[in-house]
Amino acid sequence: MLRGLRRLNRYERRILEIVKLGGKNARLQQFGFSSKTEEGFRFPIHAIEIGTEKAIRKNPVGIVAGVHGLETIGIRVLLDFLEFILNKRNSGYLADVEKGKVGIIVVPIVNPGGVAKKTRSNPAGVDLMRNSGVEAESAPLLFGGQKFSAKLPYFRGRTLEPESRALYRYVHKYFFSTEDAIMPVLDLHSGFGTVDHVWWPYAGTKRPCVDTQLFEKIANYMQTRLGHTKYRFGPQSETYTTHGDLWDRFYDHFQEKIIAKNENINSRFLPLTLEIGTWSDIKENPSKLFRKRGIFNPAPENKKETIVGYRDFLRDFVLLGKTKLGNWL
Ligand SMILES: [Zn+2]
């Protein structure tokens, strides 16, 4: 576990530096603890609020990473992005944060125990993106989530894991009480395929979600107007279906608890998953297939370039939080 722990420490040091860099506009919040390791240790799970308190309340945008402990590229992309937009000397400095136009709330490492142990699952052996309890209409036997054993990959667990509950508290606190905002939340993953996918709900069914048209408009705007043509947008189930996707559950809760009670509400909770394609450099670097973390992360020589390559997309993603529902109708 030592190398994984060192890696986790490195990320946490950067998180503290980011909070410092944000000055009065950045606050560190604790959202709970991970499940227990074999040694009986629980890792704290943190969120960072970036922006004025009013913007956090009125125009919140979320970005989370590290749901799967092996997919560290997402954590590094997120930390790099925050350093990029918070540093006044950078070309990416986002003045909208200081001006109170948009509030960004991030959970940089949802599964710190998985990072420390260098596992996809949490310390209890549960795959958090199979853990929500949502039953898919049909899903691949193993990869789609299984209930047999924590010793096999993609274990769904038996109840909501502490990390899943922490993520739910985060979603509930920041995105379930705003009256007039579109609230995009991006979850950073890696490892599937050679292109970058941006998925909207659902993962568990091919039935279109009620916000399909809105998601399509946002996708079109990002691709055509802003030139993010390398991203392939669509519902997740178009690529594959899984049981237990947490965003399926959170999205449906928003529909049931917020939209159903107030049809005129102008708020929309829009969870998206960015799946960073990391297989594209396998041809140049076949040894990566034999390294445990290989397929989930780009080869080292491409890493810096890969990480920096997401700054503009994330910056434009965050700026979606400034728009109102009326802009999209
Ligand atoms: Zn993942």
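Residues numbered from 1 in each chain as written. Predicted model: local features only at pLDDT ≥ 70, side-chain atom pairs only at ≥ 80, totals over all residues. Heavy atoms only, no water.

**As for the coordination of the zinc ion**
Listed as protein donors to the zinc ion are His68 (ND1), Glu71 (OE), Glu71 (OE) and His189 (ND1); their distances from the metal cover 2.0 to 2.5 Å. Of note is the zinc ion, whose 4 donor atoms meet at the metal with angles of 55 to 147° in an arrangement that counts as irregular. Donor residues for the zinc ion, ordered by position in the chain, follow H-x2-E-x117-H. Across the pair, exposure class does not vary: His68 and Glu71 are buried alike. (Donors = N, O, S within 2.8 Å, 3.2 Å for Na, K, Ca; no water. Tetrahedral: all angles 85-135°; square planar, octahedral: opposite > 155°, others 65-115°. Buried < 20%, exposed > 50% of the residue type's maximum accessible area, 1.4 Å probe, protein only.)

**Considerations on unusual backbone geometry**
Here the bond from Pro201 into Tyr202 is cis, since omega is 10°, no more than 30 degrees from zero. Its place among the elements puts Tyr202 in the loop between strand 6 (196-200) and helix 7 (212-225). For Lys118, which is not glycine, the phi torsion reads 55° and is therefore positive. Residue placement: Lys118 occurs in the loop between helix 5 (112-117) and helix 6 (162-175). In this structure, Tyr154 takes a positive phi of about 65° despite not being glycine. By secondary structure assignment, the location of Tyr154 is in the loop between helix 5 and helix 6. (Helix = DSSP H or I, 4+ residues; strand = E, 2+ residues; numbered from the N terminus.)

**Some remarks on the sheet that holds strand 1 (residues 26-33)**
Pairing is mixed in the open sheet, where 8 strands are placed in the order 1-2-4-3-5-8-6-7. Only two strands of the sheet have a single partner each, and these edge strands are strand 1 and strand 7 (231-235). Going from strand to strand, the sheet's axes swing by 20° on average, the running direction of each strand aside. Contacts between helix 1 (residues 2-22) and the sheet are confined to strand 1 and strand 2 (44-50), with strand 1 contributing the most and set at about 145° to the helix. The strands touched by helix 8 (residues 246-259) are strand 3 (60-65), strand 5 (182-190) and strand 8 (268-276); relative to strand 8, the strand with the most contacts, the crossing angle is about 170°. (Pairing = 2+ DSSP bridges. Axes fitted to C-alpha atoms, helices over the stretch in contact; angles between N-to-C directions. Contact = heavy atoms within 4.5 Å.)

**Looking at the pairing of strand 2**
Of all the 7 residues making up strand 2, 5 are buried; the element is thus mostly covered by neighbouring parts of the structure. For strand 1 and strand 2, the ladder comprises 7 bridges, and the chain directions are antiparallel. In the sheet register, Gln29 faces strand 2, and the bridge partner there is Ala47. In this structure, strand 2 lies alongside strand 4 (residues 103-107), joined through 3 bridges in antiparallel fashion. When the sheet's bridge partners are listed, Ile48 is paired in strand 4 with Val106.

**Here we look at the UniProt feature "domain: Peptidase M14" (unreviewed entry) in the chain**
Feature annotation in UniProt places "domain: Peptidase M14" (unreviewed entry) on residues 8-275, given in this structure's numbering. Secondary structure across residues 8-275 comprises 33% helix and 20% strand; the distance between its end C-alpha atoms is 21 Å. (UniProt positions renumbered as here; feature names shortened; annotations may be inferred.)

**Considering the packing of aromatic side chains**
Applying the stated criterion across every chain yields a total of 20 aromatic pairs. Their ring planes at 75° and their centres at 4.8 Å tell us that Phe143 and Tyr240 sit as a pair that is edge-to-face. Here Tyr240 lies in the loop between strand 7 and helix 8 and Phe143 lies in the loop between helix 5 and helix 6, a separation of 97 residues in the sequence. The class of Phe143 is partly exposed, set by a relative accessible area of 24%. Ring geometry for Tyr231 and Phe313: centres 4.0 Å apart, planes at 20°, overall stacked. Taken as a pair, Tyr231 in strand 7 and Phe313 in helix 10 (residues 311-319) lie far apart in primary sequence, 82 residues in all. An identical accessibility class is assigned to Tyr231 and Phe313; each is buried. Joined through ring pairs, the aromatic side chains of Phe31, Tyr170, Tyr174, Phe175, Phe176, Phe254 and Phe269 make up one cluster. Across the ring face of Phe143, the terminal group of Arg130 is positioned such that the distance to the ring centre comes to 5.0 Å. The ring of Tyr310 carries the charged tip of Lys230 above its face, separated from the ring centre by 4.4 Å. (Phe/Tyr/Trp six-rings, centres within 6.5 Å; stacked < 30°, edge-to-face > 60°. Lys NZ or Arg CZ within 6 Å of the ring centre and 35° of its normal.)

**Points about the side chain of Ser121**
With respect to the helices and strands, Ser121 occurs in the loop between helix 5 and helix 6. Among all residues touching Ser121, those that are not within four sequence positions of it are Asn111, Gly114, Val126 and Asp127.

**Digging into the pattern of salt bridges**
All told, the structure shown has 12 salt bridges when counted by the stated rule. The residue Arg156 makes a salt bridge to Glu135 at a minimum N-O spacing of 2.9 Å. In this pair, Arg156 sits in the loop between helix 5 and helix 6 while Glu135 sits in the loop between helix 5 and helix 6, placing the two residues 21 residues apart along the sequence. Classification of Glu135 by relative accessible area gives partly exposed; the value is 47%. Linking Arg268 and Asp211 is a salt bridge whose minimum nitrogen-to-oxygen distance equals 3.5 Å. In this pair, Arg268 sits in strand 8 while Asp211 sits in the loop between strand 6 and helix 7, placing the two residues 57 residues apart along the sequence. Comparing Arg268 with Asp211 shows no difference in burial state: the two are buried. One network of salt bridges, in which partners are shared, links Glu71, Arg120 and Asp127. (Salt bridge = Lys/Arg side-chain N within 4 Å of Asp/Glu carboxyl O.)

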